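# A look at the structure
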Amino acid sequence: MSKAFPGVLALSDVSLSLERVGRARPRIHGRTTADRSGGGAASVRAWPRAHARKKSVIWMQAIMYDRPRSFRLTTEADQPLQAGQVRLRVLASGICGTDQHIHDGGFGVQFPVTPGHEMIGEIIEHGPDTGRLPLGERVAVDNVYTCGYCPQCQDGRPGLCANLQALGLTHPGSAAEHVIVTESKCVSVGNLDLDTAILAEPTACVVHGLDVLQLKPGSDVLIVGAGPTGQILSQLIARGGASRVALAAPTQFKLDVAHRHGANQTVLTNRADFAASVPTLRELAPHGFDVVIDATGASQVLQQALPLTRTGGTVMVYGMAAEDAQIAVNPYDIFRRELTIKGSFSQTNCVARAVKLLQAGQLRTDGILTHRFPLAEYGDALHALRDPACLKAIVVPDLPQRATT
């Protein structure tokens, strides 16, 4: 058993179980892949087996990675539920830059794994000791699991948990027809439409970022990046007391969406050379912006963040840079101008607040979701991340696969 997560088998715990025709197959975390043809599919990581009554096998499709940049659509058996768990029918699974990092083998991913950390699902089965939420309830899911006993958890910073685990990263995620989750991690989305509800997890990440930022009322804010999180940051910061929100990005239609949603000023940047846009941004704020937020993770943007920041101001690294990315920083500049640099890593326990914001209409979501893909076209959904015409893509397992010629 895992010491960090009682009741969850450790990655090294392997047992043998008899499958459909009595063959012994290795089982990791109580789950194996199998396809209807009986082919030798690789074992996959999942939640542990429940001590429950035997029932007929239910099959589902899922995306399975066996190593970086290598995935396939598999057919596998749904697993019994453990105490405290529920089974969801996945209604939608969001795609974001984190999924690209996972695809490339970064962000601490543990293979084999089914990706998908942004999800809306319908509860279709209760495990033992559940029932707080009824069958048929549509829910958003807090995908992060923390140990509760490491120094960071005990210091009230669970997002920095030393033993952090997550759906779609260390455990099977939502790029599948079904996903098993802990009921206490589910938040009802009520009657929110799917296009809005699927933004619950990105909004939760922004909520955590704003917790870290501690924005002062009246701040002049520059956000670089107009993807989904840039759009959400822009709206919530404007509602949080900023005197001005300027948004800079290389795609005009994304800037137009942000402007319709309340960004005070927008600046079209040069995708290949962000530094070429710096003079225009300096004209907007000759003394610098009080807060500069990078929502791109691009080194060339981060390199210019400190120079664009007002003396005494704050830079927030919000976008995920490559793990080996580096920029040059002048320590004296930070010292002399008393600059603050903050990071925003992972939300925990923020999904409920995110759903409240969406239900209250505090976020305009029209125009953000631009692309939908069936599960079989997961690769196309990933590719859409690099398409300037895509603002937000989701995978909808029930969506029919498009015909090919």
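Predicted, not measured: the structure shown is a model, and the values here were computed from it.

## Topic: the overall build of the chain
Scanning the chain from N- to C-terminus turns up 11 helices and 19 strands. Relative to its 405 residues, the chain shows a buried fraction of 52%. As presented, the chain carries roughly 18,100 Å² of accessible surface, and 51% of it is formed by carbon and sulfur atoms.

## Some details on the pattern of salt bridges
One side chain can pair with another of opposite charge once the charged atoms of both are near each other. This model, assessed by the stated rule, comprises 14 salt bridges. Residue E125 is joined to R87 by a salt bridge in which the shortest nitrogen-to-oxygen separation is 2.8 Å. In this pair, E125 is assigned in strand β6 (residues 118–126) and R87 in strand β5 (residues 85–95), connecting sequence segments 38 residues apart. By relative accessible area, which is 3% here, R87 ends up buried. By sharing partners, the salt bridges in this structure join D78, R87 and E125 into a single network.

## Remarks on the side chain of E183
Note on placement: E183 falls in the loop between β10 (178–182) and β11 (186–188). Buried charge without a partner: E183 forms no salt bridge, and the closest opposite charge is R132, 4.8 Å away. A distance of 3.0 Å separates the side chain of E183 from the backbone nitrogen of L133, its partner in a polar contact. Leave out the neighbours within four places in its chain, and E183 touches G84, Q85, V86, H126, D129, T130, G131, R132 and L133.

## Topic: the packing of aromatic side chains
Scanning the entire structure with this criterion turns up 5 aromatic pairs. Taken together, a centroid distance of 5.1 Å and an interplanar angle of 50° make the contact between Y65 and F71 tilted. A relative accessible area of 0% means that Y65 is categorised as buried. Taking relative accessible area as the criterion, F71 reaches 29% and is therefore assigned partly exposed. The interplanar angle of 85° and the centroid separation of 5.5 Å between the aromatic rings of F71 and Y378 together place this pair among those described as edge-to-face. Of this pair, F71 sits in strand β4 (residues 70–77) while Y378 sits in helix α11 (residues 378–384), and the two are 307 residues apart along the sequence. On the basis of relative accessibility, which here comes to 2%, the residue Y378 falls in the buried class. Taken together, the aromatic side chains of Y65, F71, F111 and Y378 make up a single cluster linked through ring pairs. The aromatic ring of Y145 is capped on one face by K185, whose charged end is 5.2 Å from the ring centroid.

## Quick word on unusual backbone geometry
The omega angle of the peptide bond from F111 to P112 is -5°, so this bond is cis rather than trans. Located in the positive-phi region is F107, a residue other than glycine, with phi close to 65°. For F107, a relative accessible area of 26% puts it in the partly exposed group. Positive phi, normally seen in glycine, also occurs at Q214, with a value near 55°.

## Description of the packing of helix α4 (residues 200–213) against helix α10 (residues 351–359)
Contact pair α4 / α10: the axes reach a minimum separation of 8 Å and the direction vectors enclose 110°. When the axes of α4 and α10 are compared, the pair comes out roughly perpendicular. Contacts between α4 and α10 involve A200, T203, A204, V207 and D211 from the first element and V351, R353, A354, V355, L357 and L358 from the second.

## A look at α4
Helix length check: α4 (14 residues) gives 20 Å between terminal C-alpha atoms against 20 Å at 1.5 Å per residue, within 8%. The element α4 is extensively covered by neighbouring structure, given that 11 of its 14 residues are classed as buried. Of all the residues in α4, the buried ones are A200, E201, P202, T203, A204, C205, V206, V207, H208, G209 and L213.

## Here we look at the environment of A295
Within the secondary structure, A295 sits in the loop between β15 (289–294) and α8 (299–305). A relative accessible area of 16% means that A295 is categorised as buried. Taking C-alpha positions, A295 is 7.7 Å from A226, a pair spaced 69 residues apart along the chain.

## Some words on the nonpolar core
Across soluble globular proteins, nonpolar side chains show a tendency to be buried alongside one another. Residues V221, I223, L233, I237 and I293 are the most contacted members of the largest nonpolar core, which totals 48 residues. Mapped by element, the contributors of at least two residues to this core are β5, α4, β12 (220–224), α5 (228–239), β13 (244–249), α6 (252–260), β15 and α10. Counting residues per element, this core draws most heavily on α4, which supplies 6 residues. Setting aside chain neighbours within four positions, we find I293 in contact with L213, V221, L222, I223, V224, L233, I237, M316 and Y318.

## Quick notes on the sheet that holds β15
Either a parallel or an antiparallel arrangement is found when strands of a sheet pair, and the pairing is made through backbone hydrogen bonds. Strand order in the open sheet made by the 6 strands is β14-β13-β12-β15-β16-β17, with parallel pairing throughout. Two strands close off the open sheet at either side, each with one partner strand: β14 (265–268) and β17 (340–343). In this sheet, neighbouring strand axes are inclined to one another by 20° on average, regardless of whether the strands run parallel or antiparallel. Docked against the sheet, α4 engages β15, β16 (309–317) and β17, running at close to 150° with respect to β16.

## Focus: the pairing of β10
In terms of burial, β10 is largely enclosed, as 4 of its 5 residues are buried. The sheet contact formed by β5 and β10 spans 5 bridges and is antiparallel. Bridge assignment links R87 to a residue of β10, and that residue is I180.

## Here we look at the side chain of T203
Looking at the element boundaries, T203 is found in helix α4. If we skip the residues at most four places from it in the chain, T203 touches I232, A354, L357, L358 and L363.

## A short note on α5
Helix length check: α5, at 12 residues, gives a terminal C-alpha distance of 17 Å against a target of 16 Å (1.5 Å per residue), a fit within 8%. Taken together, the buried positions of α5 are P228, G230, Q231, I232, L233, S234, Q235, L236 and I237. At its buried positions, α5 is contacted by α4, β12, β13, α6, β15 and α10. Count one or two residues on from α5 and you reach G241, which has phi positive near 110°.

Thresholds applied
Residues numbered from 1 in each chain as written. Predicted model: local features only at pLDDT ≥ 70, side-chain atom pairs only at ≥ 80, totals over all residues. Heavy atoms only, no water. Helix = DSSP H or I, 4+ residues; strand = E, 2+ residues; numbered from the N terminus. Buried < 20%, exposed > 50% of the residue type's maximum accessible area, 1.4 Å probe, protein only. Areas by Shrake-Rupley, 256 points an atom, 1.4 Å probe, with all protein chains shown as cover. Salt bridge = Lys/Arg side-chain N within 4 Å of Asp/Glu carboxyl O. Lys, Arg positive; Asp, Glu negative; His and termini not counted. Polar contact = N/O pair within 3.5 Å; in protein donor to acceptor, adjacent residues only side chain to side chain. Contact = heavy atoms within 4.5 Å. Phe/Tyr/Trp six-rings, centres within 6.5 Å; stacked < 30°, edge-to-face > 60°. Lys NZ or Arg CZ within 6 Å of the ring centre and 35° of its normal. Axes fitted to C-alpha atoms, helices over the stretch in contact; angles between N-to-C directions. Parallel < 35°, antiparallel > 145°, perpendicular 65-115°, else oblique. Expected span 1.5 Å × (residues − 1). Core = buried A, V, L, I, M, F, W, Y, C linked by side-chain atoms within 4.5 Å. Pairing = 2+ DSSP bridges.

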